[in-house]
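Chain by chain, the residues run as shown.
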Amino acid sequence: MSEFKFDIKGLDETLARMDFSIRKVNTGANDALKDGAEAVKGRIRANTPLGPGLHGEHAKDHVVQSNVKTDGAYKSVDVGYSGKVAWRMWFLEEGTYSKGNPKGIAPRKIVARSFDESKDSAERLIADGIKALIDSL
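Treat the numbers as computed from the prediction; the structure is a model and nothing was measured.

Turning next to helix α3 (residues 83-94). Here α3 is twelve residues long and its end C-alpha atoms lie 17 Å apart, about the 16 Å a rise of 1.5 Å per residue gives. Within the span of α3, buried status applies to V85, R88, M89, L92 and E93. Buried residues of α3 fall within an arc of 160 degrees about the axis and therefore sit on the same side. Exposed side chains of α3 directed beyond 90 degrees from the buried face belong to G83 and W87. Turning to α3, the residues buried within the fold contact β4 (79-81) and α4 (110-136). Of the residues one or two after α3, G95 is the one with positive phi, at around 80 degrees.

Below, the structure written as structure tokens:
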């Protein structure tokens, strides 16, 4: 899975001050992060070319997101291609020109472009989810 990170001004301080040992707070924060990840996941699916597929497996059908990971006060969700197709999508993402092949694959940057396109909506979904959580406390 690709590693892109972003911060929302003020939201990181808000999250750092939240007590995740309270079940309602932890669940609400996790739900907000999952909603943001869904926006990125949908954009990656939309930007992934269908192509002929390999053994009937289309990359578009293998865009996944992880569960929420917690590292202290830091929470994250990974979004990208499953291991079944990630190895071949890496070639479309990064290209093969660097291997000295002038007829190689040009980098398409599907994940990077999708992240840039969905970043604002993902941030808005996360911020709205945290705001709703705070309002419900």
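What follows continues from the structure just given.
What follows covers the packing of aromatic side chains. Here a ring pair, both rings aromatic, is described through the centre-centre distance and the interplanar angle of the planes. Counted under the stated rule, the structure contains one aromatic pair. Aromatic pair W90 and F91: ring centres 5.3 Å apart, planes at 80 degrees, arrangement edge-to-face. Among the residues examined, F91 registers a relative accessible area of 32% and is labelled partly exposed.

Moving on, we get to the pattern of salt bridges. One pass over the structure, following the stated rule, counts six salt bridges. With a shortest N-O distance of 2.3 Å, K69 and D78 are connected by a salt bridge. On the accessibility criterion, K69 (40% relative accessible area) is partly exposed.

Here we come to the packing of helix α2 (residues 23-47) against α4. Two numbers describe how α2 lies on α4: the axes approach to 7 Å, and their chain directions differ by 155 degrees. Taken together, the axes of α2 and α4 are roughly antiparallel relative to one another. Relative to α4, the crossing made by α2 is right-handed.

As a further point, take a nonpolar patch on the surface. A cluster of nonpolar side chains, contributed by L54, W87, W90, F91 and I105, occupies part of the molecular surface with about 470 Å² of accessible area. Within the secondary structure, F91 sits in helix α3.

What follows is about the packing of α3 against α4. Following both chains from N to C, one finds α3 and α4 inclined at 75 degrees, their axes separated by 7 Å at the closest point. Relative to α4, α3 is oriented roughly perpendicular. Where α3 abuts α4, its residues M89, L92 and E93 lie against I110, V111 and A112. Taken together, the residues of the contact of α3 with α4 break down into five nonpolar, no polar and one charged.

Before going further, it helps to spend a moment on α4. Between the first and last C-alpha of α4 there are 37 Å, a value that for 27 residues agrees with the 39 Å anticipated at 1.5 Å per step. Along its length, α4 reaches its greatest deviation from straightness, about 50 degrees, at S118. Taken as a whole, α4 has its buried residues at I110, V111, A112, S114, F115, S118, A122, I126, A127, G129, I130 and L133.

With that out of the way, let us pick up the confidence of the model for the protein chain. Caution applies to low-pLDDT regions: their predicted coordinates should not be interpreted in detail. Per-residue pLDDT for the protein chain has a mean of 85; in total, 85% of the residues score no lower than 70. Of all helices and strands in the protein chain, the one with the weakest mean pLDDT is helix α1 (residues 11-17) (68), whereas strand β1 (residues 63-65) scores best (96).

The rules behind each value
- Residues numbered from 1 in each chain as written.
- Predicted model: local features only at pLDDT ≥ 70, side-chain atom pairs only at ≥ 80, totals over all residues.
- Heavy atoms only, no water.
- Helix = DSSP H or I, 4+ residues; strand = E, 2+ residues; numbered from the N terminus.
- Expected span 1.5 Å × (residues − 1).
- Buried < 20%, exposed > 50% of the residue type's maximum accessible area, 1.4 Å probe, protein only.
- Arc of directions from axis to C-beta.
- Contact = heavy atoms within 4.5 Å.
- Phe/Tyr/Trp six-rings, centres within 6.5 Å; stacked < 30°, edge-to-face > 60°.
- Salt bridge = Lys/Arg side-chain N within 4 Å of Asp/Glu carboxyl O.
- Axes fitted to C-alpha atoms, helices over the stretch in contact; angles between N-to-C directions.
- Parallel < 35°, antiparallel > 145°, perpendicular 65-115°, else oblique.
- Left-handed = near helix turned anticlockwise from the far one by under 90°.
- Patch = residues over 30% accessible without salt bridge, like charges linked within 9 Å, V, L, I, M, F, W, Y side chains within 5 Å.
- Areas by Shrake-Rupley, 256 points an atom, 1.4 Å probe, with all protein chains shown as cover.
- Nonpolar A, V, L, I, M, F, W, Y, C, P; charged D, E, K, R; others polar.
- Bend = angle between axes of the 7 residues up to and from the residue.
- pLDDT = per-residue confidence, 0-100.

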